[in-house]
Structures are given as structure tokens and as C-alpha cells.
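Examining the three-dimensional arrangement
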Amino acid sequence: MSHEDAIMVRVYLAESDHELKPLVHVLRDELGVRGVTVLRAIEGYGPSGRTHAASLVDLSLDLPLVVEFFDAPEPARAAIARIRHQVKPGHIVSWPVTIES
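Note that the coordinates shown come from a computational prediction; the quantities given were computed from them, not determined experimentally.

1. Focus on helix α2 (residues 73–83)
Turning to α2, its buried residues number three or more, namely Ala76, Ala79, Ile80 and Ile83. Here the buried residues of α2 occupy an arc of 100° about the axis, which is enough to place them on one side. When the buried face of α2 is taken as reference, the exposed residues oriented beyond 90 degrees from it are Glu74, Arg77 and Ala81. In this fold, the buried residues of α2 make contact with β1 (3–14), α1 (20–30), β5 (64–71) and β6 (92–100).

Okay, here's the thing in C-alpha cells:
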């Protein structure tokens with residue numbers, strides 16, 4: 001079994017931000033980062049404290065989104081630097097991880 005150091009990155013968006021497609025395009029097509037996943041949350045809130053939630057009577061188009069990706073440290077840091085301007089300040093988090101192979 002071998003191990004590889006990497007960085008996991010999460011980017012927090014809302015559907016109303018309309019940044020998902022451009023962000024995924026940059027990550028996949030321009031930067032070629034590994035392991036991109038997009039998650040659609042059922043509820044969340046941000047700095048405003050306003051809750052964004054889905055319910056059976058409401059088809060919200062402003063639910064929270066999480067774009068998660070990982071790569072080796074240098075490409076991950078380059079990706080963060082490249083996408084930083086596409087995302088609101090404070091909406092990108094990262095931490096070191098180990099890829100098991």
C-alpha cells in the first residue's frame with residue numbers, strides 16, 4: 001500500500017450564485033484537478049444567518065452547493081489561487097489529506 005499527500009478543498013456556493021458551471025469548467029477543463037464532486041445540500045446558512053432549505057411544498061432554487069476536489073499540494077494550491085476570484089471571500093476551505101493507493 002502506498003500513500004500520497006494531497007489537499008482536499010471545499011468551495012461553498014448557493015444555487016443563486018450561478019457560479020457552479022464556470023467553477024467546474026475551470027477545475028476540470030483548465031486545471032485538470034482530480035476528484036471533483038458537487039453536492040447539493042438540503043439545508044444550510046451562511047454569514048447572513050438566513051436559512052436556505054428544501055421542503056416538499058417549496059422547490060427552492062437557492063439551496064447550498066458544495067464543490068469538493070482534491071489534488072497534490074501544488075496543483076491544489078494553484079487551483080485555489082485560480083478560483084479565489086470566482087467565490088465570495090471565506091467560502092473556500094482546505095486541509096491536508098492522504099490518498100491511499
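2. Quick look at unusual backbone geometry
For residues other than glycine, phi is negative in most cases, and the peptide bonds are mostly trans. A positive phi angle, close to 55°, is found at His18, a residue other than glycine. Counting through the fold element by element, His18 comes out in the loop between β1 and α1.

3. Looking at a nonpolar patch on the surface
A cluster of nonpolar residues, Tyr12, Val93 and Trp95, forms a patch on the protein surface that exposes about 230 Å² of accessible area. Looking at the secondary structure, you find Trp95 in strand β6. Since its relative accessible area comes to 32%, Trp95 is described here as partly exposed.

4. Some details on α1
Every buried residue of α1 is listed here: Leu23, Val24, Val26 and Leu27. Seen end-on, α1 carries its buried residues on one side only, within an arc spanning 155°. Opposite the packed face of α1, turned more than 90 degrees from it, sit the exposed residues Lys21 and Arg28. On its buried face, α1 sits against β1, β2 (34–40), β5 and α2.

5. Observations concerning the nonpolar core
Ranked by internal contacts, the top residues of the largest apolar core, which has 16 residues, are Val11, Leu13, Leu23, Leu27, Phe69 and Ile83. Elements represented by at least two residues in this core include exactly β1, α1, β5 and α2.

6. Topic: the confidence of the model for the protein
Scored by pLDDT, the protein has a mean of 88; 90% of the residues are at 70 or more. When pLDDT is averaged over each helix and strand of the protein, the minimum, 68, is found for strand β4 (residues 51–53) and the maximum, 97, for α2.

Cut-offs applied
Sequence order as written defines residue numbering, which begins from 1 separately in each chain. The predicted origin of the model limits local features to residues at a pLDDT of at least 70 and limits the giving and counting of side-chain atom pairs to 80 or more, whereas totals for whole chains, interfaces and linings rest on all residues. Side-chain figures throughout are based on the complete set of non-hydrogen atoms in the structure, without hydrogens or water. Relative accessibility under 20% of the residue-type maximum defines a buried residue, over 50% an exposed one, and the middle range a partly exposed one, all with a 1.4 Å probe and only protein chains included. Think of it this way: any DSSP run of H or I at least four residues long counts as a helix, any run of E at least two long counts as a strand, and we number them from the N terminus. Think of the arc as the fan of directions from the helix axis to the C-beta atoms. Note on contacts: a residue pair qualifies if any of its non-hydrogen atoms lie within 4.5 Å across the two residues. Each patch is assembled from residues with relative accessible area greater than 30% and no salt bridge, linking like charges that lie within 9 Å and nonpolar side chains (Val, Leu, Ile, Met, Phe, Trp, Tyr) that lie within 5 Å. Each accessible area is a Shrake-Rupley estimate made with a 1.4 Å probe; only the visible protein chains count as cover when residues are assessed. Put simply, a salt bridge is a Lys or Arg side-chain nitrogen that is within 4 Å of an Asp or Glu carboxyl oxygen. Here, nonpolar core refers to any group of buried Ala, Val, Leu, Ile, Met, Phe, Trp, Tyr and Cys residues whose side-chain atoms link them within 4.5 Å. A residue's pLDDT is the confidence the predictor assigns to it, expressed on a 0 to 100 scale.

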